[in-house]
Amino acid sequence: MKRILTIQDISCLGKCSLTVALPLISAMGVETVILPTAVLSTHTMFTGFTVKDLSDQILPIAEHWKMEGVGFDAIYTGYLGTEEEIETVKTVIGMFRTPETIVFVDPAMGDNGKLYPAFDEAYALKNAGLCRIADVIVPNITEASFMTQAPYREEYEEDYIRDLLKKLAELGTPTPILTGVSLSEGKTGAMGYHKDRGEYFVYQNDRIPAAYHGTGDIFSSVTIGGVMNGLSWTQALKLAADYTAYTIDVTLHNEKKPWYGVDFEATMPWLVKELEKAKQS
Ligand code: PXL
């Protein structure tokens, strides 16, 4: 069985970061080792959330694993708390990286042209430093524009996305993938770039007219979970985009109208079935 290490916060209530990565990646048949960077009462879009920073625990935990001789097939980082924490996470990556390890970075820090409340531009540039050492990164357009200092646009042509992908590759990562990319009316999905081959890849499906918190983390978890199951990046992106869209659609039709997060618990059987189909194809 493959083993992945995921490093991000625990927002106890709110369906994001570790509370979606752990169930989804486990359901995909991959052992999911967690390194919580902080414990929050809720994610930071609620008002009045509490935070207990766990930065001082990260290295002792990692050193213990090292002593136990544990290795990881992939390291997946998500929302991190502070600039110092990004440095500590880089140290952990250095401790466990082998030529076979996939370092997958979701620089979760903003959306819709704005950074989340806890972050500023210096933090975004620090995150660019983490992206520099990653094999694959999955920022949205907001995060990419803060990291590359390119203008943020809501309306754009494909050339804008290609340019942004090239700028992300210039940071140092060989495979940037932009999420939340809409290349035609009513569509959304992801577009990536293999720097070495100079090739772009893209997947678009129907846009569901609703936005829920935590869907970026669902998309990232299913993408890396798919790759750990032997899917190509293109296959994994398709599975992640289709699963995220299906889950948003199910949530939208829930008569009880959930007020935070999506009903991913209800759609996990679909994910497992579709994963098996993708593995056979
Ligand atoms: O889903 C991203 C995320 C993760 N963790 C925390 C957050 C957010 C987004 O706001 O606040 C704590």
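About the cut-offs
- Residues numbered from 1 in each chain as written.
- Predicted model: local features only at pLDDT ≥ 70, side-chain atom pairs only at ≥ 80, totals over all residues.
- Heavy atoms only, no water.
- Helix = DSSP H or I, 4+ residues; strand = E, 2+ residues; numbered from the N terminus.
- Buried < 20%, exposed > 50% of the residue type's maximum accessible area, 1.4 Å probe, protein only.
- Contact = heavy atoms within 4.5 Å.
- Areas by Shrake-Rupley, 256 points an atom, 1.4 Å probe, with all protein chains shown as cover.
- Near = heavy atom within 4 Å.
- Polar contact = N/O pair within 3.5 Å; in protein donor to acceptor, adjacent residues only side chain to side chain.
- Nonpolar A, V, L, I, M, F, W, Y, C, P; charged D, E, K, R; others polar.
- Core = buried A, V, L, I, M, F, W, Y, C linked by side-chain atoms within 4.5 Å.
- Pairing = 2+ DSSP bridges.
- Right-handed = clockwise from strand over helix to strand, strands pointing away.
- pLDDT = per-residue confidence, 0-100.
- Phe/Tyr/Trp six-rings, centres within 6.5 Å; stacked < 30°, edge-to-face > 60°.
- Lys NZ or Arg CZ within 6 Å of the ring centre and 35° of its normal.

### Structural notes on the overall build of the chain
Here's step 1: In terms of regular secondary structure, the chain is built from nine helices and 11 strands.
Here's step 2: If you line up the chain on its principal axes, its C-alpha atoms span 50 × 45 × 45 Å.
Here's step 3: Counting the 281 residues in the chain, one finds 52% classified as buried.
Here's step 4: Counting only contacts in the chain whose residues sit at least 6 apart along the sequence, the fraction spanning at least 24 positions is 67%.
Here's step 5: Total accessible area on the chain stands at roughly 12,700 Å², and carbon and sulfur atoms take up 52% of it.

### Comments concerning the site of the ligand
Here's step 1: Residues in close proximity to the ligand include Asp9, Ser11, Cys16, Ser17, Leu40, His43, Thr44, Met45, Tyr79, Tyr116, His213 and Asp217, which together make up its full environment.
Here's step 2: A distance of 2.6 Å is found between an oxygen atom of the ligand and a side-chain nitrogen or oxygen belonging to aspartate 217.
Here's step 3: In the complex, the protein chains occlude 98% of the 310 Å² of accessible area that the ligand would expose alone.
Here's step 4: For the shell around the ligand, the per-class residue count stands at five nonpolar, five polar and two charged.

### Details of the nonpolar core
Here's step 1: Within the largest apolar cluster, 46 residues are counted, with the highest numbers of intra-cluster contacts made by Leu5, Ile7, Val92, Ile141, Ile161, Leu168 and Leu178.
Here's step 2: Setting aside residues no more than four positions away along its own chain, isoleucine 7 makes contact with Leu35, Thr37, Ile75, Tyr76, Thr77, Gly78, Leu80, Val89 and Val92.
Here's step 3: Ala21, Ile224, Leu237 and Leu239 belong to the second largest nonpolar core, which has 39 residues in total.

### Digging into the side chain of threonine 247
Here's step 1: Its location among the elements puts threonine 247 in helix H8 (residues 233-252).
Here's step 2: Of note is the side chain of threonine 247, whose polar atom sits 2.9 Å from the side chain of threonine 267.
Here's step 3: Here threonine 247 is in contact with Val262, Asp263, Phe264 and Thr267, once residues within four sequence places are set aside.

### Digging into the pairing of strand E2 (residues 31-42)
Here's step 1: Bridge analysis of strand E1 (residues 3-13) against E2 gives nine bridges, and the strand direction is parallel. Each bridged residue has a counterpart across the sheet, and for leucine 5 the counterpart in E2 is valine 33.
Here's step 2: After leaving E1, the chain enters helix H1 (residues 18-27) and then returns to the sheet as E2, a path that is right-handed.
Here's step 3: Sheet topology note: the E2/strand E3 (residues 51-53) ladder contains three bridges and is antiparallel. The partner of leucine 40 across the bridge, within E3, is valine 51.

### As for the environment of alanine 108
Here's step 1: Structurally, the position occupied by alanine 108 is in the loop between strand E5 (102-105) and strand E6 (110-111).
Here's step 2: Judged by its relative accessible area of 8%, alanine 108 falls in the buried class.
Here's step 3: Along the chain, alanine 108 and tyrosine 79 lie 29 residues apart, while their C-alpha atoms are 4.8 Å from each other.

### Remarks on the confidence of the model for the chain
Here's step 1: Per-residue confidence for the chain gives a mean pLDDT of 97, with 100% of residues at or over 70.
Here's step 2: Averaged pLDDT values for the elements of the chain fall to 95 in E6 and rise to 99 in strand E4 (residues 74-77).

### Observations regarding the environment of alanine 210
Here's step 1: With respect to the helices and strands, the residue alanine 210 is situated in the loop between strand E11 (199-206) and helix H7 (215-228).
Here's step 2: Residue alanine 210 is classed as partly exposed on the basis of its relative accessible area of 25%.
Here's step 3: Put simply, alanine 210 and leucine 252 are 42 residues apart on the chain and 7.4 Å apart in space, counted from C-alpha to C-alpha.
Here's step 4: In this structure alanine 210 touches Ile248 and Leu252, once residues within four positions along its chain are discounted.

### Comments concerning the packing of aromatic side chains
Here's step 1: One pass over the structure, following the stated rule, counts 15 aromatic pairs.
Here's step 2: Measuring from ring centre to ring centre gives 5.1 Å for tyrosine 79 and phenylalanine 119, while their planes differ by 50°; the resulting arrangement is tilted. Taken together, the residues tyrosine 79 in the loop between E4 and helix H3 (83-96) and phenylalanine 119 in the loop between strand E7 (114-115) and helix H4 (121-132) connect sequence positions 40 residues apart. One exposure class covers both tyrosine 79 and phenylalanine 119, and it is buried.
Here's step 3: Among the aromatic residues, those joined into a ring-pair cluster are Tyr79, Tyr116, Phe119 and Tyr123.
Here's step 4: Above the face of the phenylalanine 96 ring, lysine 66 is positioned so that its terminal group lies 4.9 Å from the ring centre.
Here's step 5: The ring of tyrosine 200 has arginine 162 lying over it, and the distance from NZ or CZ to the ring centre is 4.3 Å.

### Considering the environment of valine 227
Here's step 1: Considering the arrangement of structural elements, one finds valine 227 in helix H7.
Here's step 2: Judged by its relative accessible area of 11%, valine 227 falls in the buried class.
Here's step 3: For the pair formed by valine 227 and leucine 237, sequence separation is 10 residues and the distance between their alpha carbons is 9.2 Å.

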